[in-house]
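Notes for the structure review
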Amino acid sequence: MEVLYNFPLWASLFSIFFAQFVKVPIQFIATREWNWSLITSTGGMPSSHSAAVTALSTGVALEVGLSSPIFAVSAMFAIITMFDATGVRRQAGEQAIVLNRLMVDFQRFMSEAKGWQNKPEQEKRKELKELLGHKPIEVFFGGLSGIILTLLLHYLFIV
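Structural notes, computed from the coordinates.

1. Describing the overall build of the protein chain
Regarding its fold elements, the protein chain presents six helices and zero strands. Starting at the N terminus and ending at the C terminus, the protein chain contains elements arranged as α-α-α-α-α-α. For the protein chain, with 159 residues in total, the buried portion stands at 35%. Put simply, 71% of the contacts in the protein chain that link residues at least 6 apart link residues at least 24 apart.

2. Focus on the packing of helix 1 (residues 7-31) against helix 6 (residues 136-157)
Running from N to C, helix 1 and helix 6 cross one another at 130°; their axes reach a closest spacing of 9 Å. One way to sum up the angle between helix 1 and helix 6 is to call them oblique. Relative to helix 6, helix 1 is oriented so that their crossing is right-handed. Contact residues: helix 1 offers F7, A11, F14, S15 and F18, while helix 6 offers S145, G146, L149, T150, L153 and H154. Its residues assigned to classes, the contact of helix 1 with helix 6 shows six nonpolar, five polar and no charged.

3. Overview of the packing of helix 2 (residues 48-64) against helix 6
What describes two packed helices is the angle between their axes and the distance between those same axes. Remark: helix 2 packs on helix 6, axes separated minimally by 7 Å, with the N-to-C direction vectors making an angle of 40°. Two packed elements cross with a definite hand, and for helix 2 against helix 6 that hand is right-handed. Contacts from S50, A51, T54, A55, T58, G59 and L62 in helix 2 reach V139, G142, G143, S145, G146, I147, T150, L151 and H154 in helix 6. Each residue belonging to the contact of helix 2 with helix 6 can be placed in one class, and the counts come to six nonpolar, 10 polar and no charged.

4. Observations concerning a nonpolar patch on the surface
A cluster of nonpolar side chains, contributed by M1, V3, L4, Y5, L9, W10, L13 and F17, occupies part of the molecular surface with about 920 Å² of accessible area. Here L9 shows up in helix 1.

5. Some thoughts on the environment of G43
Mapped onto the fold, G43 is located in the loop between helix 1 and helix 2. In the structure, G43 is positioned 50 residues away from G93 in sequence and 9.2 Å away in space, judged by C-alpha atoms.

6. Describing unusual backbone geometry
The omega angle of the peptide bond from M45 to P46 is -5°, so this bond is cis rather than trans. The residue P46 is located in the loop between helix 1 and helix 2 in this model. If you check the backbone angles, R32 has positive phi at about 65° while not being a glycine. You can call R32 exposed: its relative accessible area is 60%.

How each quantity is defined
Residues numbered from 1 in each chain as written. Predicted model: local features only at pLDDT ≥ 70, side-chain atom pairs only at ≥ 80, totals over all residues. Heavy atoms only, no water. Helix = DSSP H or I, 4+ residues; strand = E, 2+ residues; numbered from the N terminus. Buried < 20%, exposed > 50% of the residue type's maximum accessible area, 1.4 Å probe, protein only. Contact = heavy atoms within 4.5 Å. Axes fitted to C-alpha atoms, helices over the stretch in contact; angles between N-to-C directions. Parallel < 35°, antiparallel > 145°, perpendicular 65-115°, else oblique. Left-handed = near helix turned anticlockwise from the far one by under 90°. Nonpolar A, V, L, I, M, F, W, Y, C, P; charged D, E, K, R; others polar. Patch = residues over 30% accessible without salt bridge, like charges linked within 9 Å, V, L, I, M, F, W, Y side chains within 5 Å. Areas by Shrake-Rupley, 256 points an atom, 1.4 Å probe, with all protein chains shown as cover. Salt bridge = Lys/Arg side-chain N within 4 Å of Asp/Glu carboxyl O.

The structure is reproduced here in structure tokens:
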């Protein structure tokens, strides 16, 4: 059961849960609406992906040092993950917004042209996930929270 003593793994998992949970109050502050579905959704502030990979990298650095090859691997993994969150995944989300708009327009056309409106709403459309990626600020704060939480956990449980 050595996995129970794997500090970088636990720090990373804790950072994911923290980042997902804190999205709810942040969204409440911004919109004055509670949206508990954010706990299980992608995208939003802060990035749980960034929190996880920076926590992992920070945990590895604390365990084996900055000069170790495993830290280099975890650091590159973190950089690629955060770059992807602001790049490819963000663009996929932007495309989903446009495609969803096109679907709404197409559905309106179809409902006016035929008796299509008699079908249940679930059958009419299935929206694509628009909140896939992150804005750079979301990635920054996700990464920052991963580092800070890992340092705090290391201080509380290891030192």
